[in-house]
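Read off the chains here:
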Amino acid sequence: MTSYILLVLGAVLVNNFVLNRFLGICPFLGVSKKLETSLGMSGAVIFVMTCAAAVTWCVDHYLLKPYGLDYLQTIAFILVIAAFVQLVEMLLKRYVPPLYSALGIYLPLITTNCAVLGVAVMNVQNKSGFVESTVFACAAGCGFALALTIFTGLREKIERADPPRAFRGVAIALVTAGLLSLAFMGFNGLVK
């Protein structure tokens, strides 16, 4: 049980995919202007990351490795991720149309979100078991959600603060992301 707690703390705080590994920056910067949109993206990423990690683990262990098809891992993983993104896109379009339109192009970009693929590849490289892979993926998604939610809150506050013209828009967003990344570096000694 302790190993799972450390795995979760490590994925959420210490080795945060966005703020420490710098994976998934595109949706992080693109969807972080409104809290509702960032929460919707966070839920979608958590769902896709968790389900894709579980399915890619099964595909790798029961299909690719037994038949010597390890060289197809990246292609197979991207196909699995794309299938889950399509599922999320159809569900949002059907049941939550405002969120679907608010996410716009960033929803299909989850397919190419390197954080989602990174979780699947890291699980294979670390030779993680099924439960460990799934827990790690869910925790990594929660870490993405935490970083995105904090960043969105900061961007909303900065937008109301009327920063100097040279810092408006992307410039202040990048500076804020850098400072948030530095703040998360304070968790480095928490888990080895």
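Turning next to the confidence of the model for the protein chain. Per-residue confidence for the protein chain gives a mean pLDDT of 90, with 99% of residues at or over 70. Across the protein chain, helix H7 (residues 130-161) holds the top mean pLDDT of 95, while helix H2 (residues 25-30) sits lowest at 85.

Per the counting criterion, the structure on display carries six aromatic pairs. Ring plane angle 70° and centroid distance 5.5 Å describe the contact between Trp 57 and Phe 130, whose orientation is recorded as edge-to-face. One end of the pair, Trp 57, is in helix H3 (residues 35-64); the other, Phe 130, is in helix H7, with 73 residues separating them in the sequence. By relative accessible area, which is 36% here, Phe 130 ends up partly exposed. Their ring planes at 75° and their centres at 5.6 Å tell us that Phe 184 and Phe 187 sit as a pair that is edge-to-face. Given a relative accessible area of 31%, Phe 187 falls into the partly exposed group. Aromatic rings pair up to connect Trp 57, Tyr 62 and Phe 130 into one cluster. Here the guanidinium or amino end of Arg 94 rests over the ring plane of Tyr 95, the centre of that ring lying 5.7 Å away.

Counting residues in each nonpolar core, the largest one holds 48 residues, and the members touching the most others are Phe 28, Met 41, Val 48, Ile 110 and Val 119. Elements supplying a minimum of two residues to this core: helix H1 (2-14), H3, helix H4 (73-95), helix H5 (97-103), helix H6 (114-125), H7 and helix H8 (170-184). A per-element tally of this core places H3 first, with nine residues. When neighbours within four sequence positions are excluded, Phe 28 is seen to be in contact with Val 18, Leu 19, Phe 144, Ala 147, Leu 148, Phe 151 and Ala 177.

The next point concerns the environment of Leu 19. Structurally, Leu 19 is set in the loop between H1 and H2. Remark: the alpha-carbon pair of Leu 19 and Val 119, spanning 100 residues in sequence, is separated by 15 Å. Aside from chain neighbours lying at most four places away, what touches Leu 19 is Phe 28, Ala 147, Ala 177, Leu 180, Ser 181 and Phe 184.

Secondary-structure assignment places Ser 128 in the loop between H6 and H7. Beyond its immediate sequence surroundings of up to four residues, Ser 128 is in contact with Trp 57, His 61, Asn 123 and Ser 133.

Moving on to the pattern of salt bridges. Close approach of charged atoms allows side chains with opposite charge to pair. Evaluation of the coordinates by the stated rule reveals two salt bridges. The salt bridge involving Asp 60 is made with Lys 65; its shortest N-O contact spans 3.4 Å. Exposure remark for Asp 60: the relative accessible area of 0% places this residue in the buried category. For Lys 65, a relative accessible area of 36% puts it in the partly exposed group. With a shortest N-O distance of 2.9 Å, Arg 168 and Asp 162 are connected by a salt bridge. Its relative accessible area of 53% is what places Asp 162 among the exposed residues.

All right, on to the packing of H6 against H7 then. Think of two packed helices as two axes; the pair is described by the angle between the axes and how far apart they sit. H7 packs onto H6 with a crossing angle of 150° between their chain directions and a minimal axis gap of 10 Å. The angle between H6 and H7 places the two elements in the roughly antiparallel class. As H6 runs across H7, the sense of the crossing is right-handed. Where H6 abuts H7, its residues Val 119, Met 122 and Asn 123 lie against Ser 133, Phe 136, Ala 137 and Ala 140. Its residues assigned to classes, the contact of H6 with H7 shows five nonpolar, two polar and no charged.

Moving on to unusual backbone geometry. Excluding glycine, a negative phi dihedral is what most residues carry, and trans is how most peptide bonds are arranged. For Lys 127, which is not glycine, the phi torsion reads 55° and is therefore positive. Tracing the sequence through the fold places Lys 127 in the loop between H6 and H7. Relative accessible area serves as the criterion here: at 71%, Lys 127 is assigned to the exposed category. Although it is not a glycine, Asp 162 adopts a positive phi angle of roughly 55°. Tracing the chain through its elements places Asp 162 in the loop between H7 and H8.

Parameters at a glance
Residues numbered from 1 in each chain as written. Predicted model: local features only at pLDDT ≥ 70, side-chain atom pairs only at ≥ 80, totals over all residues. Heavy atoms only, no water. pLDDT = per-residue confidence, 0-100. Helix = DSSP H or I, 4+ residues; strand = E, 2+ residues; numbered from the N terminus. Phe/Tyr/Trp six-rings, centres within 6.5 Å; stacked < 30°, edge-to-face > 60°. Buried < 20%, exposed > 50% of the residue type's maximum accessible area, 1.4 Å probe, protein only. Lys NZ or Arg CZ within 6 Å of the ring centre and 35° of its normal. Core = buried A, V, L, I, M, F, W, Y, C linked by side-chain atoms within 4.5 Å. Contact = heavy atoms within 4.5 Å. Salt bridge = Lys/Arg side-chain N within 4 Å of Asp/Glu carboxyl O. Axes fitted to C-alpha atoms, helices over the stretch in contact; angles between N-to-C directions. Parallel < 35°, antiparallel > 145°, perpendicular 65-115°, else oblique. Left-handed = near helix turned anticlockwise from the far one by under 90°. Nonpolar A, V, L, I, M, F, W, Y, C, P; charged D, E, K, R; others polar.

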